Amino acid sequence: SITLYNNNNNNPFQIIQTHTQNILASLCTTIYPEKMPLLVLVVTLLGTSIGFQSFLYFVTVGYALAIFLVSSMALLVYNNKASHTIPTLTNIHTSLALLWSLRLMIFLLHREYVNWPQLHKRTIQVNERSRMESKFSVWIICSFFYATMVMPCIYRMQDAIIVADENYIPSSSSSSWGIVGKIGLILQGTGLLLESVADAQKSSFKSRNRGENRSKWCHVGLWKYSTHPNFLGEGMFWVGTYLGGIGCCCCRSKSKNRRSIMPWMICTVGLLFITFVIRGAVESLSVKQLRNYGQDGEFLEFKKTHGFFGPFRIPKHLAVLSF
């Protein structure tokens, strides 16, 4: 028996954490495709529950923690359950999600507590204004979408093991990594690297001169070529995660003799969600930048010649992609 927290109070975060052991036990005994989305949701609920401690953590630290828990558990459980060695590319696919979440979690905590102490004060203020009803609704919604985002990793791991139930067999076309899956891995790795470097460069720039650069426009490194290279990297990472797992999202049921489209739908919902979030964040930050740096001629010139995807502008008839 493992006791992580004392249950003497009614803090939802602490109560939820005490169920970790039961969740792990369920994961270790369940490998069937139709059951995994619900179990993954439970794990993301667990990770995102840190938002009850601080409201903004639902979409920051809790986001990273939820993906970290799912990816680490998947690697542990499926490699232990498999009757043979899981393909290297399959482990890389989920390991990249693990590295992405760990990197983001460390970055967010360092930014709040070390690099930008004022952000921590603002986080406390937001939490004090937040009502418990709002926390529960945001908790459920965020956890659901985080689960859909990471499901491509779960389906790919499932495809690599022998499914014992006689009603399900792996899709015959999904047993190996095709060109789409390998392109997905490349996008994953490239996106992780791009986001990591962009975050590090901006963090370093903002902390220079004893924090006096905090209010200045960042125009160094990757930020010379894209208006939001960190979000570009995040988008590439999740598109790559989707492509890496979508090829094995269907299982054929012997009893029904047909493929299920539900896994495809779950993964696609996750991709659409993160696309919507990134676009919203980019638009919001662009408005904020224009308000803060609108008097800077160099910034205005940069905006004319550079966009989200790099040093060029998307044609007007493709404005939906312009972010």
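Computed from a prediction, not measured in an experiment: that's the story for all the values here. For every chain, the first residue of the written sequence is number 1, and numbering continues from 1 along that sequence. Residues qualify for local features only when their pLDDT is at least 70, as the model is predicted, and side-chain atom pairs are given and counted only at 80 or more; totals for whole chains, interfaces and linings, by contrast, use all residues. The basis for the side-chain values is all heavy atoms of the structure; hydrogens and waters are excluded.

This part takes up helix α3 (residues 36-48). Per the convention used, a helix needs a DSSP run of H or I reaching at least four residues, while a strand needs a run of E reaching at least two, with both numbered from the N terminus. One fewer than the residue count of a helix, multiplied by 1.5 Å, yields its expected span. Between its terminal C-alpha atoms α3 stretches 18 Å, which fits the 18 Å expected from 13 residues at 1.5 Å a residue. Turning to α3, its buried residues number three or more, namely Met36, Leu39, Val40, Val43, Thr44, Leu45, Leu46, Gly47 and Thr48. For each residue, the accessible area found with a 1.4 Å probe, counting protein chains only, is set against the maximum for its type, and the residue is called buried under 20%, exposed over 50%, and partly exposed in between.

Before going further, it helps to examine the packing of helix α4 (residues 61-81) against helix α5 (residues 88-115). For helices, the fitted line uses only the C-alpha atoms of the stretch in contact; every axis is such a line through C-alpha atoms, and the angle between N-to-C directions lies from 0 to 180 degrees. Between α4 and α5, whose axes approach to 8 Å, the crossing angle comes to 150°. By the angle class used here, α4 and α5 are roughly antiparallel. Taken as a pair, α4 and α5 cross one another with a handedness that is left-handed. Between α4, through Val61, Tyr63, Ala64, Leu65, Ile67, Phe68, Ser71, Ser72, Ala74, Leu75 and Asn79, and α5, the contact on the second element is made entirely by Asn91, Thr94, Ser95, Ala97, Leu98, Trp100, Ser101, Leu102, Leu104, Met105, Leu108 and Leu109. Side-chain classes are defined by residue name, with Ala, Val, Leu, Ile, Met, Phe, Trp, Tyr, Cys and Pro counting as nonpolar, Asp, Glu, Lys and Arg as charged, and the others, Gly among them, as polar. Within the contact of α4 with α5, the residues separate by chemical class into 16 nonpolar, seven polar and no charged. Angle categories are assigned with fixed cut-offs, so that under 35 degrees is roughly parallel, over 145 is roughly antiparallel, 65 to 115 is roughly perpendicular, and the rest are oblique. Less than a right angle of anticlockwise turn of the near helix away from the far helix marks a crossing as left-handed, whereas a clockwise turn marks it as right-handed. Should any heavy atoms of two residues lie within 4.5 Å, those residues are counted as being in contact.

Another aspect to go through is the state of the cysteines. Two cysteine sulfurs form what is called a disulfide whenever their separation falls within 2.5 Å. Enumeration according to the criterion identifies zero disulfides in this entry. Sulfur of Cys153: no disulfide; nearest cysteine sulfur belongs to Cys267 and is 9.1 Å away.

This part covers the environment of Leu193. When you line up the elements, Leu193 lands in helix α8 (residues 179-206). With a relative accessible area of 56%, Leu193 lands in the exposed category. For the pair formed by Leu193 and Trp100, sequence separation is 93 residues and the distance between their alpha carbons is 9.1 Å.

Let us now look at the packing of aromatic side chains. Centre-to-centre distance and the angle between the planes together describe a pair of aromatic rings. Aromatic rings from Phe, Tyr and Trp, taking only the six-membered ring of Trp, are treated as a pair when their centres fall within 6.5 Å; an angle between ring planes under 30 degrees marks them as stacked, one over 60 as edge-to-face, and anything in between as tilted. Per the counting criterion, the structure on display carries 16 aromatic pairs. A network of ring pairs unites the aromatic residues Phe52, Phe55, Phe58, Phe136 and Trp139 as a single cluster. Over the ring of Trp177 we find Arg156, and its NZ or CZ is 3.9 Å from the ring centre. For a Lys NZ or an Arg CZ to count as sitting over a ring, it must be within 6 Å of the ring centre and within 35 degrees of the ring normal. Against the face of Trp116 rests Arg214, its NZ or CZ located 4.4 Å from the ring centre.

In this structure, Leu89 sits in helix α5. In this structure Leu89 comes out as partly exposed when scored by relative accessible area, which is 29%. For the pair Leu89 and Gly244, spaced 155 residues apart in sequence, the C-alpha separation works out to 9.3 Å.

Tracing the chain through its elements places Thr227 in the loop between α8 and α9 (229-246). Contacts described as polar in this section are N or O atom pairs within 3.5 Å, which, within protein, must combine one atom able to donate a hydrogen with one able to accept it, while residues neighboring in sequence count only if both atoms come from side chains. There is a polar contact of 3.4 Å between the side chain of Thr227 and the backbone nitrogen of Phe308. Setting aside chain neighbours within four positions, we find Thr227 in contact with Gln289, Phe302, Lys303, His306, Gly307 and Phe308.

It is worth spelling out the packing of α3 against α4 at this point. Their axes nearest at 8 Å, the elements α3 and α4 cross at an angle of 135°. The angle between α3 and α4 falls in the class oblique. Note on packing geometry: the crossing formed by α3 with α4 is right-handed. For the pair formed by α3 and α4, the contact residues are Met36, Val40, Val43, Thr44, Leu46, Gly47 and Thr48 on the first element and Gly62, Leu65, Ala66, Leu69, Val70, Met73 and Tyr78 on the second. Class assignment of the residues belonging to the contact of α3 with α4 gives a composition of ten nonpolar, four polar and no charged.

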